[in-house]
Each structure stands twice: as structure tokens, then as C-alpha cells.
Amino acid sequence: MAEKFKKILIANRGEIALRVIRTCREMGIKTVAIYSTADRDSLHVRFADEAVCIGPAASSESYLSIPKIMAAVEITNADAIHPGYGFLSENADFAEVCADYGIKFIGPDPKQIRRMGDKITAKDTMIKAKVPVVPGDGELLKSADDGRAQAKKMGYPVMLKATAGGGGKGMRIVNAEEEFQKAWESARTEAKAAFGNDGMYMEKYITKPRHIEIQVIGDQYGNVIHLSERDCSIQRRHQKLVEECPSPFMTDKLREDMGQAAIEAAKAINYEGVGTVEFLVDSDRNFYFMEMNTRIQVEHPVTEEVIDHDLIKEQIRVAYGEKLSGENYYPKAHAIECRINAEDPWNNFRPSPGKISSFHSSKGQGVRVDTHVYAGYTIPPYYDSMIAKLIVRAPTRKEAITKMERALDEFIIEGVKTTVPFHQWLMKQEDFRQGNFDTGWLGKQELPE
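Bear in mind the structure is a predicted one, so any value in this text is a computation, not a measurement.

A.B. asks: What should I look at first to understand the pattern of salt bridges in this one?
C.D. replies: Pairing between side chains becomes possible if they bear opposite charge and their charged atoms approach one another. Inspection of every chain in the model, using the stated rule, returns 34 salt bridges. In this structure, Asp198 and Arg188 form a salt bridge, with 3.0 Å as the shortest nitrogen-oxygen distance. Here Arg188 lies in helix H8 (residues 180–195) and Asp198 lies in the loop between H8 and strand E8 (200–204), a separation of ten residues in the sequence. Judged by relative accessible area, Arg188 falls into the partly exposed class, the value being 29%. What emerges from the salt-bridge pattern is a single network uniting Arg19, Glu304, Glu305, Asp310, Arg368, Asp370 and Arg393.

Have a look at this one:
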């Protein structure tokens with residue numbers, strides 16, 4: 001086993017940077033925060049052992065600037081980088097630069113990132129590993145006419161997807177041939193703007209699917225375990241709003257089958273680190289590989305709460321050469337996470353940056369809040385609008401929902417609009433309380449005005 005890290009630079013911001021700093025401190029590892037000029041007052045800057053300003057507010061000139069990040073590594077003598085999620089966390093070029101500099105990238109190697117980052121390559125890898133995939137040959141479409149011909153053969157509805165996609169960008173559902181041209185053009189335009197790549201492929205669209213993902217960890221010795229599932233089906237425009245474990249749709253057999261499929265998926269690329277294999281599950285509980293996220297995820301606290309295990313700590317240990325225990329983990333309680341965004345939910349979720357005048361986070365047994373904001377903090381308009389994660393844990397789903405209702409009522413943020421009222425509304429919906437929802441459920445609801 002290699003020596004443990006002495007100093008980790010966190011190449012990220014906000015709550016995930018603060019989350020990594022807390023675990024590093026408990027492990028006796030020094031930390032370096034990087035920040036843009038817009039983030040100089042963020043808590044991750046205050047609580048790191050060292051902090052380096054790497055540029056102006058624009059992400060392209062700060063958090064996405066590999067040269068500036070590597071310069072910060074050099075001047076602070078950090079020996080590892082934790083990328084968090086978003087930004088450069090799944091950037092194979094960044095992982096490659098880290099390797100060239102002799103700095104440990106806490107995550108998979110560049111080859112593994114590339115194999116899962118390109119959706120067509122990932123699908124081909126899963127087919128070879130005998131992991132179920134959504135029907136569709138996964139080939140890059142040559143033209144709209146090529147797409148129409150394949151859709152006719154496959155049968156509508158179909159899903160157009162950007163090969164370099166993620167976060168719901170470059171995706172369009174096409175229900176009939178007359179919709180194809182418009183969907184093709186808008187998906188390509190969006191993909192080009194988001195990823196610099198307008199390559200498209202197509203799959204059969206699974207109607208009324210659940211989005212259920214399996215958390216996995218792999219070490220440097222070929223061992224992989226799963227840590228059960230998270231149900232992420234409450235979404236708006238393919239963006240997750242609520243996650244929970246166990247899934248109300250799950251059975252013991254489905255958990256075993258999906259868990260084993262996720263392990264096979266990770267082993268197929270000799271995966272190292274924490275990752276998530278995401279599946280679509282139809283109404284008959286058939287599941288299909290969707291993608292693999294080669295990083296820690298926003299919703300990892302849901303898993304931590306139900307298995308009582310620090311995933312960031314395990315991620316760091318694996319990175320410096322420790323072996324996994326080899327045992328799968330199963331939920332011992334029920335956890336729900338609500339993402340608190342600085343958005344106005346009754347105005348089409350319009351972003352609401354600005355100064356927080358009053359802040360009181362929920363407390364009590366089984367309540368966890370991961371956040372980097374406080375009263376007096378100004379939410380900048382340049383980054384993702386998520387400002388907090390409210391997670392509750394209880395023995396049963398019914399009790400977890402009741403606890404979440406109480407926690408939301410106690411969660412006070414004034415000065416900006418937030419999604420707290422949306423979550424309060426959601427917890428009262430009978431379909432949600434009964435577990436009767438899919439990824440399209442929210443889009444069919446009439447939200448309060």
C-alpha cells in the first residue's frame with residue numbers, strides 16, 4: 001500500500017469542496033482550496049488549510065483552467081487532487097495532466113474516463129460485458145435521414161442523444177416521424193453549445209421509466225463492490241431534484257440483479273474509485289444501462305446515511321492503495337435527499353442569485369444539511385444554482401417523508417427564492433407518498449402559482 005496523502009487540493013467549489021475538506025481533516029490530511037474571485041467568501045475557502053485564488057468568476061478562467069489549477073498544486077506542494085463533481089471531475093485530459101505531473105487524481109484513470117464518457121463506446125463496452133442496454137445499435141448517426149430510417153425500423157418513440165452528453169443536454173424524445181427534423185436540429189445545436197460536439201445517436205425510448213442508479217467502488221486490485229441503489233426518478237428536464245434509498249420500486253431480486261450488473265460494468269473497464277452505474281427500469285422491472293458517472297455524485301449522502309459509511313473517505317483510501325473489504329452494502333434505513341436550489345419554483349425554476357439575508361438550517365436526529373452558504377453570503381450568478389442538500393434518515397419511508405416535511409418547515413432562507421416550497425408541495429403529493437412516479441411524472445403535474 002502506498003503512503004497516504006499529505007495534502008489534497010480540491011479542484012472544485014461550494015458544498016462538495018467543503019464536504020471533502022471535512023473528511024480530509026478527520027483523516028489527518030491537509031487541504032488546499034482553490035477559488036475564483038466570486039467565491040472568496042465561500043466557506044470552503046475559510047475552512048481549508050490553504051486557499052489559492054485562481055482567477056475571475058468565469059468558470060473557463062478559473063475552475064475549468066487546468067494550467068491555473070496545476071500552478072496552484074505546484075505552489076502548495078499538494079500530492080493529490082480531488083475533483084469533486086462537475087467541472088473537471090470527468091475530464092480525461094485533466095486526469096492525464098495529473099498523471100504527467102506525478103499528482104494522484106482521486107478517481108479513475110484517463111482511459112476509464114474516456115471509455116465511459118463517450119456514450120457509444122460505453123454502450124459497446126456494456127454489450128460485451130453482457131449488461132442489459134436500451135435497444136438501439138449505438139452507432140453515430142450520419143444524417144437526419146439516417147436517423148429517420150433507423151427510427152422507422154426501431155419503432156417510435158425514440159430518444160435522440162448526444163454522444164458527448166450529460167445532464168440532460170442534447171436529448172430529445174421523438175414520438176412520430178413528423179417531429180424528427182425539428183428534434184434533430186435542436187438536439188444537435190444544444191449538444192454543440194454544451195460539449196463542442198454535435199454527434200448524435202439514437203435509442204428506443206422506454207416509456208414511464210424509473211431512473212435507478214447503483215453506487216459502486218473499485219480498488220486498484222480488481223475488486224469491485226456495490227452499495228445498493230438510489231432512486232432518482234423525480235426529475236425536471238432530466239435534472240434530478242430528489243433522490244432516495246431504498247427505491248420504493250425495488251425488490252430484493254431486482255437489487256441483486258442490478259447490483260451484480262453494476263459490478264460487471266465496473267469490472268469491464270477495471271474501474272478504480274467511486275462511481276455510479278445508472279439504469280432505466282421499465283414498469284415490468286426490466287433494467288437497461290444508461291451511463292456510468294466516473295466520479296462522486298451530488299446524491300452520495302443518501303447512500304452514506306443508509307449504510308453508515310463515508311464514501312469520500314473510502315474514495316481517498318482506494319486512491320492511495322488500500323483494498324476494499326469485498327463486501328456489498330445494503331440499506332439499513334430509509335434516506336431522502338432534497339436539492340435546495342436558488343431558484344423560483346413557481347416561475348419556471350428561474351435562477352435567483354443574490355444575498356442571503358437570513359439562514360437557518362434544519363436540525364435534529366436523522367437530519368443532515370450539506371451546504372456552503374450562510375446569512376450574509378451572496379450567491380453568485382456564475383455557477384450551478386444548488387446551494388444546499390437536505391438529507392433525512394428514518395427507519396421507514398413513511399417516517400422519512402414525515403421527517404423531511406418537518407425539516408423543510410424549519411429550513412429558512414431569506415433574501416433569495418429557493419426550491420424549499422417545491423419540496424414542501426412534493427412531500428404532500430399522494431403519488432409521491434405512495435411511490436407511484438416515474439421520470440416523466442413531474443412534467444405532467446400542475447405546480448402552484
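A.B. asks: What exactly am I supposed to notice about the environment of Val133 here?
C.D. replies: With respect to the element layout, Val133 can be found in the loop between helix H6 (119–128) and helix H7 (144–154). On a C-alpha basis, the gap between Val133 and Phe287 in space is 7.9 Å, while along the polypeptide they are 154 residues apart.

A.B. asks: Can you walk me through helix H11 (residues 311–319) in this structure?
C.D. replies: Three or four residues apart is the spacing at which side chains of an α-helix point the same way, because the helix has 3.6 residues per turn. Here H11 lies mainly inside the structure; seven of its nine residues are buried. Two or three places before Ile312, at the start of H11, stands the capping residue Asp310, its side-chain oxygen 3.0 Å from that residue's backbone nitrogen. Downstream of H11 by a residue or two, Gly321 has a phi angle that is positive, lying close to 110°.

A.B. asks: Looking at this model, I keep getting lost on the packing of aromatic side chains. Mind explaining?
C.D. replies: Any two aromatic rings considered together are summarised by their centre-to-centre distance and by the angle between their planes. All told, the structure shown has 14 aromatic pairs when counted by the stated rule. Where Phe422 meets Trp425, the ring centres are 5.9 Å apart and the plane angle is 35°; that geometry is what we call tilted. Placement of the pair is Phe422 and Trp425 together in helix H13 (residues 420–427), with a separation of three residues, close to one helical turn. Classification of Trp425 by relative accessible area gives buried; the value is 14%. Aromatic ring contacts, followed pair by pair, group Tyr63, Phe87, Tyr382 and Tyr383 into a single cluster. The ring centre of Phe249 lies 4.1 Å from the NZ or CZ of Arg285, which sits over that ring.

A.B. asks: What should I look at first to understand the sheet that holds strand E4 (residues 80–82) in this one?
C.D. replies: With parallel pairing, five strands are arranged side by side in an open sheet as E3-E2-E1-E4-E5. If you trace the sheet from one side to the other, it starts and ends with strand E3 (50–55) and strand E5 (104–105), each paired once. Pairing geometry for strand E1 (residues 7–10) and strand E2 (residues 30–36), over four bridges, is parallel. By the bridge assignment, Ile8 is partnered in E2 with Thr31. Helix-sheet contacts for helix H3 (residues 66–76) involve E1, E2, E3 and E4, and the interaxial angle to E3 is about 150°.

A.B. asks: What's the story with unusual backbone geometry in this structure? I'm lost.
C.D. replies: The omega torsion of the bond from Tyr156 to Pro157 falls at 5°, within 30 degrees of zero and hence cis. In this fold, Pro157 is placed in the loop between H7 and strand E6 (158–166). A cis amide bond links Cys245 with the next residue in sequence, Pro246, at an omega value of -5°. Relative to the elements of secondary structure, Pro246 occurs in the loop between strand E11 (239–245) and helix H9 (252–267). The backbone of Asn77 sits at a positive phi, close to 60°, despite the residue not being glycine.

A.B. asks: Whenever I open this one, the nonpolar core confuses me. Can you help?
C.D. replies: Nonpolar side chains tend to gather and get buried jointly when the protein is soluble and globular. Within the largest apolar cluster, 36 residues are counted, with the highest numbers of intra-cluster contacts made by Ile340, Leu390 and Leu426. Of all elements in the fold, only E11, strand E14 (334–341), strand E19 (367–371), strand E21 (386–394), helix H12 (397–410) and H13 reach the threshold of two or more residues within this core. Core analysis: the next-biggest nonpolar cluster, separate from the first, contains 34 residues, Ala48, Ile217, Val274 and Leu311 among them.

A.B. asks: Even after reading the chapter, I still don't get the sheet that holds E21, so can you show me in this structure?
C.D. replies: Strand pairing within a sheet occurs via backbone hydrogen bonds; the two strands may be parallel or antiparallel. Ordered by their spatial adjacency, eight strands build an open sheet running E13-E12-E9-E10-E11-E14-E21-E19, and the pairing between neighbours is antiparallel. Since the sheet does not close on itself, it has two edges, and those belong to strand E13 (287–293) and E19, each with one partner. If you compare each strand with its neighbour and ignore which way they point, the axes differ by 25° on average. Bridging between strand E9 (residues 210–218) and strand E10 (residues 224–236) involves six bridges; their strand directions are antiparallel. Directly across from Ile212, in E10, lies its bridge partner Asp231.

A.B. asks: How do you make sense of the packing of helix H4 (residues 92–100) against helix H5 (residues 110–117) when you look at a structure like this?
C.D. replies: The description of two helices packed together rests on the angle between their axes and the distance between the axes. At their nearest, the axes of H4 and H5 sit 8 Å apart, and the two run at 175° to each other. Relative to H5, the element H4 lies roughly antiparallel. In contact with Ala92, Asp93, Ala95 and Glu96 of H4, H5 contributes Pro110, Ile113 and Arg114.

A.B. asks: What should I look at first to understand the pairing of E21 in this one?
C.D. replies: Every regular strand shows the same layout, with side chains that alternate between the two sheet faces. Extensive coverage of E21 is indicated by the burial of eight of its nine residues. Where E14 and E21 come together, eight bridges link them in antiparallel fashion. Bridge pairing links Ile336 to Val392 in E21. One ladder, built from five bridges, connects E19 with E21; its direction is antiparallel.

A.B. asks: What is the right way to read the pairing of E8 from this model?
C.D. replies: A large share of E8 lies buried, amounting to four of its five residues. Pairing of E6 with E8 involves five bridges; the strand directions are antiparallel. If you follow Val158 over to E8, its bridge partner there is Lys204.

Calculation notes
- Residues numbered from 1 in each chain as written.
- Predicted model: local features only at pLDDT ≥ 70, side-chain atom pairs only at ≥ 80, totals over all residues.
- Heavy atoms only, no water.
- Salt bridge = Lys/Arg side-chain N within 4 Å of Asp/Glu carboxyl O.
- Helix = DSSP H or I, 4+ residues; strand = E, 2+ residues; numbered from the N terminus.
- Buried < 20%, exposed > 50% of the residue type's maximum accessible area, 1.4 Å probe, protein only.
- Polar contact = N/O pair within 3.5 Å; in protein donor to acceptor, adjacent residues only side chain to side chain.
- Phe/Tyr/Trp six-rings, centres within 6.5 Å; stacked < 30°, edge-to-face > 60°.
- Lys NZ or Arg CZ within 6 Å of the ring centre and 35° of its normal.
- Pairing = 2+ DSSP bridges.
- Contact = heavy atoms within 4.5 Å.
- Axes fitted to C-alpha atoms, helices over the stretch in contact; angles between N-to-C directions.
- Core = buried A, V, L, I, M, F, W, Y, C linked by side-chain atoms within 4.5 Å.
- Parallel < 35°, antiparallel > 145°, perpendicular 65-115°, else oblique.

That's the geometry; what it means functionally is another story.
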